[in-house]
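If you want the building blocks of each chain, they are given just below.
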Amino acid sequence: MDKTEAETSGQLQAAEFGRPMLEQHFPHVARRGVLMLNNGSFGVAPKSVLDCKLRLTEEFESFADEFVRLRQVDLNYSSLEAIASRLRVRPQQCTLLENVTIGVSNILRRLLALEPPGSQVLVNSWTYIAVRMAATEAGEAPEAKLQLPLKSGEDVLRAVEQELDRRPKVRIAVFDHITSTTACLMPVKELTALCRSRGIKVIIDGAHAIGQVPNLDIEDIGADFYLGNLNKWHFLPKSVALMWISEAHVSTMKPDIVSWLLHDEVLPHRYSYLGTRDTSSFYVIPEALKFVDEICGGLDRVYEYCRSLADEASSYLAGFWGTDLLPLPAEMQAPFMRLIRLPQHLQRPAIKKFAEETRFESNMWKFVAYKLKMDLLILNIEDSLFIRIAASIVVDMNDIRLVGDTMMRLKETDFVLD
């Protein structure tokens, strides 16, 4: 990652991560008293960024005609330029959206309209459910089967290649850069090369990747489209995503909503004026980048802290509970996210009858979230229950130890909610 002036000048004192960061820069989160270990779902924005967003919202609400007609397109483009510069991509090939799901749906509709009838979209076992649904709505969506344990990225490539051999009508493939349910760092460059060698267009769902994957080089992956959320690991408010489009598709991509700038020659302009809506979260990208540089000490420092915390936390919990991690090779583990198998007394085999009578993991999540105020995911992976933790700058090992102790004290009858 490139060093910023804030990192190299030595003039700014970076804030301490963990509890001090939470209390000083995320007081709105601290007041709720929720342990935030699910940054991978929605992320949290610091108060300075939220204040900037609220100022813009007030300006919008106080004189909407002036804001929309004279400022909105320019605000959108200047924010886009700021994040495009960080990611070393051309803003003319990018646009801002509310989230990755919206972008993938838009791309699939546009691409399939240009393909022969009956064309298929390849997904896989770990494709994000909303994206899988978008592919299914667009037509038939064959699935490459991924199985645990994974030994290497070759297992993924082999599964995809085998499915492609059986499915000659596949014209588009969608791959997660980091999978949501298994927190697996996928070999997206190699998968893209495999598909492109067969004339298949590739969409990379990088919802978890921007800010989590070090030295991310979007263009080097070689895909046709790359999308990533900015409210997860780049400290933007809900919700902001970047959609990058390869040069070959820039002229044909348009939003699904037909509005004023639909036919503009500049790609991001086509998406910047889609009727009356509050897109103030888009316009605070420069403020979020300032927070990263001046308060956090740069993305390198954020990366080192979160990666180290994820390693230490997952090792501690697995050891404390006498369990293990989801069986992925070390190089395929998401830098900030881990899945740890829950203690045996909370697994389905130990409470088989109870599990058949209730949605056990759903009730467990509700109890942990609402009663215990712990924001983490509980997932059923191949009939075994795991928690997914997502390290962030507002948590530390004291929070992890609390999770470990709490889960050991729970029993199945805790999850019968009124």
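Residues numbered from 1 in each chain as written. Predicted model: local features only at pLDDT ≥ 70, side-chain atom pairs only at ≥ 80, totals over all residues. Heavy atoms only, no water.

Taking an unreviewed UniProt entry as the reference, the protein is identified by name as Aminotransferase class V domain-containing protein belonging to Macrostomum lignano.

1. Let's talk about the domain arrangement of the protein
Interface size, as often reported, equals the accessible area lost upon joining of the parts. According to the domain assignment, the protein consists of domain 1 (53–291) and domain 2 (299–414). For domain 1 and domain 2, the distance between their C-alpha centres works out to 28 Å. Where domain 1 abuts domain 2, roughly 1,900 Å² becomes buried across the two surfaces, and 72% of that area is made up of carbon and sulfur atoms. The largest contributions to the domain 1 side of the interface with domain 2 come from L148, Q212 and W233, which together make up 29% of the buried area. Where domain 1 touches domain 2, the interface holds zero salt bridges. Scanning the region where domain 1 abuts domain 2 turns up five residue pairs in polar contact (both at pLDDT 80 or more). (Domains from an automatic or database assignment. Buried area = accessible area lost by both parts, 1.4 Å probe. Salt bridge = Lys/Arg side-chain N within 4 Å of Asp/Glu carboxyl O. Polar contact = N/O pair within 3.5 Å; in protein donor to acceptor, adjacent residues only side chain to side chain.)

2. Quick notes on the UniProt feature "domain: Aminotransferase class V" (unreviewed entry) in the protein
UniProt's feature table lists "domain: Aminotransferase class V" (unreviewed entry) at residues 107–325, given in the numbering used throughout. Along residues 107–325 one finds 37% helix and 13% strand; the C-alpha atoms at either end are 35 Å apart. (UniProt positions renumbered as here; feature names shortened; annotations may be inferred. Helix = DSSP H or I, 4+ residues; strand = E, 2+ residues; numbered from the N terminus.)

3. Details of the pattern of salt bridges
According to the stated counting rule, one finds 23 salt bridges in the structure shown. Across the pair D65 and R69 runs a salt bridge whose closest N-O atoms are separated by 2.8 Å. On the criterion of helical spacing, the pair formed by D65 and R69 is a turn pair, its members being four residues apart in helix α5 (residues 64–87). What makes D65 partly exposed here is its relative accessible area of 44%. A salt bridge links D220 to K189, with the shortest nitrogen-to-oxygen separation between them at 2.8 Å. You can see D220 sitting in helix α10 (residues 218–221) and its partner K189 sitting in helix α9 (residues 188–196), a full 31 residues away along the chain. Since its relative accessible area comes to 40%, K189 is described here as partly exposed. Counted as one network, the salt bridges with shared partners bring together E140, E163, R166 and R167. (Buried < 20%, exposed > 50% of the residue type's maximum accessible area, 1.4 Å probe, protein only.)

4. A few points about the packing of helix α4 (residues 47–62) against α5
Direction vectors running N to C along α4 and α5 enclose 135°, while the axes themselves pass 7 Å from each other. Judged on the interaxial angle alone, α5 and α4 are oblique. Of the residues in α5, those in contact with L56, E59, F60 and S62 of α4 are A64, F67, V68, R71 and L75. Classifying every residue of the contact of α4 with α5 by side-chain character gives six nonpolar, one polar and two charged. (Axes fitted to C-alpha atoms, helices over the stretch in contact; angles between N-to-C directions. Parallel < 35°, antiparallel > 145°, perpendicular 65-115°, else oblique. Contact = heavy atoms within 4.5 Å. Nonpolar A, V, L, I, M, F, W, Y, C, P; charged D, E, K, R; others polar.)

5. Structural notes on the nonpolar core
Counting 118 residues, the largest nonpolar core has F26, I387 and I393 as its most contacted members. At ten residues, the largest contribution of residues to this core is made by helix α13 (residues 299–321). Residue contributions to this core reach at least three from each of two domains, namely domain 1 (53–291) and domain 2 (299–414). In this structure I393 touches F17, G18, M21, F26, F235, F291, C296, V302, Y305 and C306, once residues within four positions along its chain are discounted. (Core = buried A, V, L, I, M, F, W, Y, C linked by side-chain atoms within 4.5 Å.)

6. What about α13?
Residues spaced three or four apart along an α-helix face the same direction, because each turn holds 3.6 residues. With 23 residues, α13 ought to run about 33 Å at 1.5 Å a step, and its terminal C-alpha atoms sit 32 Å apart, in line with that. Along α13, the residues that are buried comprise L299, V302, Y303, C306, L309, A310, A313, S314, L317, A318 and W321. Buried residues in α13 make contact with α12 (285–295), β9 (337–341), β12 (384–390) and α16 (397–409). Two residues or fewer past α13, G322 is found with a positive phi of approximately 70°. (Expected span 1.5 Å × (residues − 1).)

7. Some thoughts on the side chain of T179
For T179, the location among the structural elements is in the loop between β5 (170–176) and α9. Within the structure, T179 has its side chain in polar contact with the side chain of T182 (distance 2.5 Å). Once residues within four sequence positions are removed from consideration, T179 is found in contact with W126, C184, M186 and M337.

8. A closer look at the side chain of N76
The residue N76 is located in helix α5 in this model. The contacts of N76, once residues within four sequence positions are left out, are L96, P268, S272, F282 and Y283.

9. Considering the sheet that holds β9
Sheet architecture is open: three strands sit in the order β9-β12-β11, paired in antiparallel fashion. Since the sheet does not close on itself, it has two edges, and those belong to β9 and β11 (377–381), each with one partner. Each strand of the sheet is rotated relative to its neighbour by a mean of 35°, with strand direction disregarded. Inspection of the sheet shows β11 paired to β12 by five bridges, in the antiparallel sense. Directly across from L377, in β12, lies its bridge partner R388. Strands β9 and β12 of the sheet are contacted by α13, whose axis makes an angle of about 0° with β9. (Pairing = 2+ DSSP bridges.)

10. A word on the confidence of the model for the protein
On average, residues of the protein score 91 in pLDDT, and 93% of them reach the 70 mark or higher. Throughout residues 1–11 the model reports pLDDT below 50, and contacts reaching past four residues in sequence, or to other chains, amount to 17 contacts. (pLDDT = per-residue confidence, 0-100.)

11. Regarding α5
The largest bend in α5 is about 60°, located at R71. For α5, the elements touching its buried residues are α4, β2 (94–97), α10, β8 (241–245), α11 (267–270) and α12. Backbone geometry just downstream of α5 places R88 in the positive-phi region, at approximately 60°. (Bend = angle between axes of the 7 residues up to and from the residue.)

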